Amino acid sequence: MDLYVILKLVWAGLLCVLLIGLGLMVGMDMGVGTLLRFVGRTDGERRTALNIIGPHWDGNQVWFILGGGAIFAAFPTLYATSFSVFYVVMILLLFSMILRPVAFEYRSKVDARLWRASWDWVFLLSGFLPMFVYGAAFGNILQGVGYHFNWSGQYFQDGSFLSYLLNPFAILCGLMAVSLSVMQGGVMLMIRSENPIHDRARRYASRAGLVAVVLFLVGGVWVRGMHGFVLEQGNPAMPANPMHGQHVSMQVGAWLNNYAAHPVLWLLPLLGVVCMLAEVALVLANRPRVAWWMGLGAWVGTIGTVAASMFPFFMPSTTNPDQSLTIWNSSASQYGLTCMLAVALIFVPLILCYTSWCYYVMRGKVHTADIIKDTHSY
Amino acid sequence: MPFVLTPLITHSFTTPITGMIELEDAAAPRIESGIAAVSALRRYEEGHQAADLEMFHAHQNDMGYGLLASRHAPNQDVTAIPPEQIQSVVEQTKPDILPNVFVTFWSFRLMVFLGVFFFVLFAMASYLSLKNQLERNRLFLKICMWAIPLPILATEFGWITAEAGRQPWTVFERLPTFMSASTHSVSYMLFSLAGFTVLYSIFIAVELYLMFKFARLGPEAHGQHDHGADADHLSIVAH
């Protein structure tokens, strides 16, 4: 196989890894944000929940930066087109993510009821909304997005932003991502908190897990009747230019074609469902540490299922399917992919090392009594 | 200032710096060639004729200038320029190759002026501190207070210098700014701009409230147990 094709494939795989990291780690912190007002009834309990993710939340944001950065560097056409086509939604995501660090830093600076209650609502909004948009984006790309390119490579949006938000399948995917994040956030709270936070987190995590399983299965059945995209003609080694060289058709149920051709791919959705159910069972059995690792499997299964269905598509176009963005036509140059791969091979393992180290150092329970005494923590 | 600007721009003492009129005149043939490149590309996009591709390759290095000229073409389409009007489009495009000199000139100088002012301010602060008169010099302390927003202004002027100075290009000689902008409607831009304005206005109000609150508490209220508190923070979270 051509080296350029191998590099494109490696980067598509790496993008999946980064999106899984984003869902797992950032999703977990955002789940805690969503749950904050429900697992903590008193100010001390809420501050305990915040300090459980306090040492790690900004470190975990690296997956968000890395996911965006990897699309930017490895698949620049996809980056420019997708970020722009989802403009209004992306801006909403950006606003809520701008509010989040401010809420962390300011909430405990002033001891006033209204002040802290306001920031707690900000935590709810900035935990729920980004994960919802993250999931809804997958729902939208699965259905295809309305856009085309003109002669100069300028992209034009053919759909309204409302169709990306008020779209039943996208809402389903958005809620699925929120459920996974709430489950994972609840599990992390269980690992590092005592009662009453622990038991409340347990209740929310197990319910969210069951909701996630149901939504995942409903989504799977839904996709059978939805139109998918088929790459009729296209050369993996083609120069990265979405304007020429591809022929794409739209067919109902085509997202299941890859599974029909390679039945081994069914292991991915199976992994997702089994891990979600196992996580719920382990949560109910009070084994949050093992349950946490099931969350990794749940995300691998979920993102993997989408990737296996859509391969080699990234973002199909409904208004000009031939210009759909695929792994083959939206990547950076061979030189760019090579350099970025060298960087990723050094830094991704480094991130895994320092993240594990931080979680090891900051292990154990956070006690509400200690947090109330310490006015300088979150 | 010949011995400042020349080495800054040319990295030598003897190279002459080209004036604006010379730059515009030098650009004229490139604009004409660029129009040929863009026209050839658009024709090739439709017909895939080998002759158009050859024409494009001959002029491709000037394509950015052709894109720049499209602003003065009918419907922004350079292929629609009648041959006898090409020279007038080139003449109209010539001034576009330069940035707004007034804005760049003054924003740069204001930034440098502020930079020099900060240098003097810190020199004075060091001097007064060494003489142990820093806390008693009311005028100097007042100046320091009022200088708080100046670094923001300096970075803004620097930003304006860079952004206005690189016009009309997003990528120098390749991609004009007006072509690199998205095709989104004005209402989209209003939405994000209004959102940013509201959000950051709230932030600055909150930030100023906190700044004044903690400034009024004074350094004594805070300083004495700062280190201890940090250590506590670590031990609590690491239990």
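Since we're looking at a predicted model, the values are computed, not measured.

**A short note on the interface of chain B and chain A**
Okay, step 1: Each side of the interface is counted separately: chain B has 35 residues, and chain A has 38 residues.
Okay, step 2: With both chains or domains summed, chain B and chain A bury close to 3200 Å², and 70% of this area falls on carbon and sulfur atoms.
Okay, step 3: At the junction of chain B with chain A, the criterion picks out zero salt bridges.
Okay, step 4: Counting only elements with at least two residues in the side of chain B that touches chain A, the list comes to α2 (20-47), α10 (186-223) and α11 (226-237) of chain B.
Okay, step 5: Here the residues of the side of chain B that touches chain A sort into 21 nonpolar, nine polar and five charged.

**Overview of the packing of helix α9 (residues 168-192) of chain A against helix α13 (residues 288-310) of chain A**
Residue and element names in this part refer to chain A.
Okay, step 1: At a closest axis distance of 9 Å, the pairing of α9 and α13 adopts a crossing angle of 160 degrees. Classed by the angle they form, the pair α9 and α13 counts as roughly antiparallel. Note on packing geometry: the crossing formed by α9 with α13 is left-handed. Taking contact as the criterion, the partners of M176, A177, L180, Q184, V187, M188, M190 and I191 in α9 are, on α13, P288, R289, A291, W292, G295, A298, W299 and T302.

**Digging into the packing of aromatic side chains**
Okay, step 1: Counted under the stated rule, the structure contains 32 aromatic pairs over all chains.
Okay, step 2: Judged by centre distance (6.0 Å) and plane angle (75 degrees), the rings of Y106 of chain A and W119 of chain A are edge-to-face. In this pair, Y106 of chain A is assigned in helix α6 (residues 87-106) and W119 of chain A in helix α7 (residues 113-143), connecting sequence segments 13 residues apart. Neither Y106 of chain A nor W119 of chain A differs from the other in exposure class; each is buried.
Okay, step 3: Linked through ring pairs, F95 of chain A together with F191, F196, Y200 and F203 of chain B together constitute an aromatic cluster.
Okay, step 4: Of note, R109 of chain B hangs over the ring of F105 of chain B, and the distance from its end group to the ring centre comes to 3.6 Å.

**Some remarks on the domain arrangement of chain B**
Okay, step 1: Along its sequence, chain B is organised into domain 1 (2-97), domain 2 (100-165) and domain 3 (182-239).
Okay, step 2: In this structure, domain 1 of chain B and domain 2 of chain B have C-alpha centres spaced 41 Å apart.

**So, a nonpolar patch on the surface**
All names here are of chain B.
Okay, step 1: On the surface, a nonpolar cluster with roughly 540 Å² of combined accessible area is contributed by F108, V112, V116, F119, V120 and M124.
Okay, step 2: Inspection of the secondary structure puts F119 in helix α6 (residues 101-130).
Okay, step 3: Overall, the relative accessible area of 63% leaves F119 in the exposed class.

**Remarks on the side chain of T305 of chain A**
Residues and elements named next belong to chain A.
Okay, step 1: Relative to the helices and strands, T305 resides in helix α13.
Okay, step 2: Assessed through its relative accessible area of 13%, T305 is described here as buried.
Okay, step 3: Sequence-distant contacts of T305, that is, excluding residues within four places in its chain, are made with F216, Y259, L268, P269 and V300.

**A few points about unusual backbone geometry**
Okay, step 1: Note that the residue after F311 of chain A, namely P312 of chain A, is joined by a cis bond; omega there is 0 degrees.
Okay, step 2: Looking at the element boundaries, P312 of chain A is found in the loop between α13 and β5 (313-315).
Okay, step 3: Following Q167 of chain B, the chain continues to P168 of chain B via a peptide bond in cis, the omega torsion being 5 degrees.
Okay, step 4: Along the chain, the position of P168 of chain B falls in the loop between α8 (150-165) and β1 (169-171).
Okay, step 5: The phi dihedral of N286 of chain A falls on the positive side, at around 55 degrees, and the residue is not glycine.
Okay, step 6: A residue is classified by how much of its surface remains accessible, and N286 of chain A, at 40% relative accessible area, is partly exposed.
Okay, step 7: Even without a glycine there, the phi angle at H11 of chain B is positive, about 60 degrees.

What counts as what
- Counting restarts for each chain: residues are numbered from 1 in the order of the written sequence.
- Note on labels: chains are lettered from A, ligands numbered from 1, in written order.
- Restriction of local features to residues with pLDDT of at least 70 applies here, the model being predicted, together with a cutoff of 80 or more for giving and counting side-chain atom pairs; totals for whole chains, interfaces and linings are based on all residues.
- Side-chain metrics rest on all non-hydrogen atoms present in the structure, leaving aside hydrogens and water.
- Throughout, a contact is declared for two residues whenever any of their heavy atoms are within 4.5 Å.
- Two parts lose some accessible area (1.4 Å probe) when they are put together, and adding that loss for both gives the buried area.
- Any Lys or Arg side-chain nitrogen located within 4 Å of an Asp or Glu carboxyl oxygen qualifies as a salt bridge.
- Put simply, DSSP marks the helices as runs of H or I at least four residues long and the strands as runs of E at least two long, and each gets a number from the N terminus on.
- Following the grouping adopted for this structure description, the nonpolar residues are Ala, Val, Leu, Ile, Met, Phe, Trp, Tyr, Cys and Pro, the charged ones are Asp, Glu, Lys and Arg, and the polar ones are all others, Gly among them.
- Axes, fitted as lines to C-alpha atoms, cover a helix only where it is in contact. Angles between the N-to-C directions of the axes lie from 0 to 180 degrees.
- Each angle gets one of four labels, with under 35 degrees taken as roughly parallel, over 145 as roughly antiparallel, 65 to 115 as roughly perpendicular, and the rest as oblique.
- It is the rotation of the near helix from the far one that decides the hand of a crossing: anticlockwise by less than a right angle makes it left-handed, clockwise makes it right-handed.
- Centres within 6.5 Å are what make two rings of Phe, Tyr or Trp a pair, Trp counting through its six-membered ring; a difference in plane orientation under 30 degrees is then read as stacked, over 60 as edge-to-face, and the rest as tilted.
- Residue burial is assigned from relative accessible area. The probe radius is 1.4 Å, only protein chains are included, and a residue is buried under 20% of its type maximum, exposed over 50%, and partly exposed in between.
- The criterion for a charge sitting over a ring is simple: Lys NZ or Arg CZ within 6 Å of the ring centre, and within 35 degrees of the ring normal.
- What counts as a domain boundary in this text is fixed by an automatic or database domain assignment.
- A patch is a set of surface residues, each over 30% in relative accessible area and not in a salt bridge, joined within 9 Å for like charges and within 5 Å for the nonpolar side chains Val, Leu, Ile, Met, Phe, Trp and Tyr.
- Note that accessible areas follow from Shrake-Rupley with a 1.4 Å probe, and for residues the cover is restricted to the protein chains shown.

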